[in-house]
Every structure is written in C-alpha cells, then in structure tokens.
Amino acid sequence: PAARRACAAPITAVAISACGNFAFLGSAIGAIDKYNLQSGKPRAAAAAEERHEGAVRGLAAAADGRTLFSCGGDGTLRLWAPAALKLQSTADVGCACGMLRHKRDSTLVALAADDLSVRVMDAVALRLVRRLEGHTNTLTDVAWGADARWVLSSALDCTLRVVDVPSGALIGW
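Residues numbered from 1 in each chain as written. Predicted model: local features only at pLDDT ≥ 70, side-chain atom pairs only at ≥ 80, totals over all residues. Heavy atoms only, no water.

A tally of helices and strands in the protein chain yields 0 helices and 16 strands. A globule of 173 residues ought to have a C-alpha radius of gyration of about 16 Å, and the protein chain, at 16 Å, matches this closely. Overall, the C-alpha framework of the protein chain stretches about 45 × 30 × 30 Å when taken along its three principal axes. Long-range contacts, defined as pairs at least 24 residues apart, comprise 35% of the intrachain contacts of the protein chain with a sequence gap of at least 6. Carbon together with sulfur atoms contributes 53% to the accessible area of the protein chain, which is approximately 8300 Å² in total. Taken together, the 19 basic and 16 acidic charged side chains of the protein chain have centroids lying 7 Å from each other. (Helix = DSSP H or I, 4+ residues; strand = E, 2+ residues; numbered from the N terminus. Rg over C-alpha atoms; globule rule 2.2 N^0.38 Å. Contact = heavy atoms within 4.5 Å. Areas by Shrake-Rupley, 256 points an atom, 1.4 Å probe, with all protein chains shown as cover. Lys, Arg positive; Asp, Glu negative; His and termini not counted. Charge placed at Lys NZ, Arg CZ, Asp CG, Glu CD.)

Taken together, 4 strands build an open sheet; the order of strands is β13-β14-β15-β16 and the sheet is antiparallel. Of all strands in the sheet, those with a lone pairing partner are β13 (139-144) and β16 (169-172), marking the two edges. The mean inter-strand angle of the sheet, taken between neighbouring strand axes irrespective of direction, is 30 degrees. Examined bridge by bridge, β13 and strand β14 (residues 150-155) share 5 bridges and lie antiparallel to one another. Pairing of Ala 143 across the sheet is with Leu 152, part of β14. (Pairing = 2+ DSSP bridges. Axes fitted to C-alpha atoms, helices over the stretch in contact; angles between N-to-C directions.)

This part is about the nonpolar core. Counting residues in each nonpolar core, the largest one holds 15 residues, and the members touching the most others are Val 118, Val 120, Leu 132, Val 142, Trp 144 and Val 151. Contributing elements (two or more residues each) for this core: β10 (108-113), β11 (118-122), β13 and β14. Each residue touching Val 118, except ones within four places of it in the same chain, is listed here: Ala 110, Leu 111, Arg 130, Arg 131, Leu 132, Leu 139, Val 142, Val 151 and Ser 153. (Core = buried A, V, L, I, M, F, W, Y, C linked by side-chain atoms within 4.5 Å. Buried < 20%, exposed > 50% of the residue type's maximum accessible area, 1.4 Å probe, protein only.)

Okay, structure coming up:
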C-alpha cells in the first residue's frame, strides 16, 4: 500500500532502506521522514533544527543500514543515523546539489551540482575526491559503474560523459 501522510510540503526525494522495510522521504522544506513500507506508518522524522535549508534533492541508503545520505539545495551533504534520523555529520559541497547517487558497496557518493559539475565525495572522510566538469547544460542523471570506478553523467547539452574516478580521466562519451 502507498504510504499516506499529511502533506506539509511536496516530496522532492525518496530512498528505500537496503533491507526493503523502510522508505525515506525528503521534502521541499528540508524535512526527512521515515515510513514503514508495509504499514505505511511514520517511524522517525529529522529534527527541525537538523533539516536542510531548502529542498532535499537527493537521498540514498547505505547497504549496511547504518547511514542515510542526503543532499540539498543548501549545498550540503548530510549523513544520518537512519533508525531515528539523527544527524551524524554535515559537509559543505560548495554548490547546490540536484541529485545524489551512492554506490552501495563503497563509501563514495556522486552529487550532480547546480554548477554543472559532478562532485564525487568520500562520505566517511567527508572530503571531495573528484570534481568532474565538462557539461555545458543542466545535469539530468548520474550513475555508477558496477565496480565504482566509473561515473556516468548525462546533461541537457546532449552529452554522456564516462569518467574513470581514480584517475579523473574522461574515457568516453
């Protein structure tokens, strides 16, 4: 059944836990809520003082179930303890983020930034690993290769860029 909730603000990002039991919903006002997928009942909500300032634009759950990643229009990457949605840490990305992709068997996240770059960050160390540039219009999607070595990005400039993350080299488009 679909989760029913009082709509305080439009939902702007969603993720499912690795176990498949919970849905995480991010909203236009920076809130993040957790729902049980079987019952549809709310299970946790991020505290108002820990929310993003502005819309949550990306959510992803780690494979081990111990971390939820979020990015927002406020230019931050946030790591949450998903059980109670308690903020663990925050990193400044330097630019508003349009989406987030996490490779579940790594510590890396790829953020599609509003400055037309893809920022690959180590979510444990909270540091920038690579800033991938070259698109000339809004990013439309980002994906990880199977071994987390490649990042693919597409944009409204009609390009697909394939980048080798360890070297930072463009290997195809």
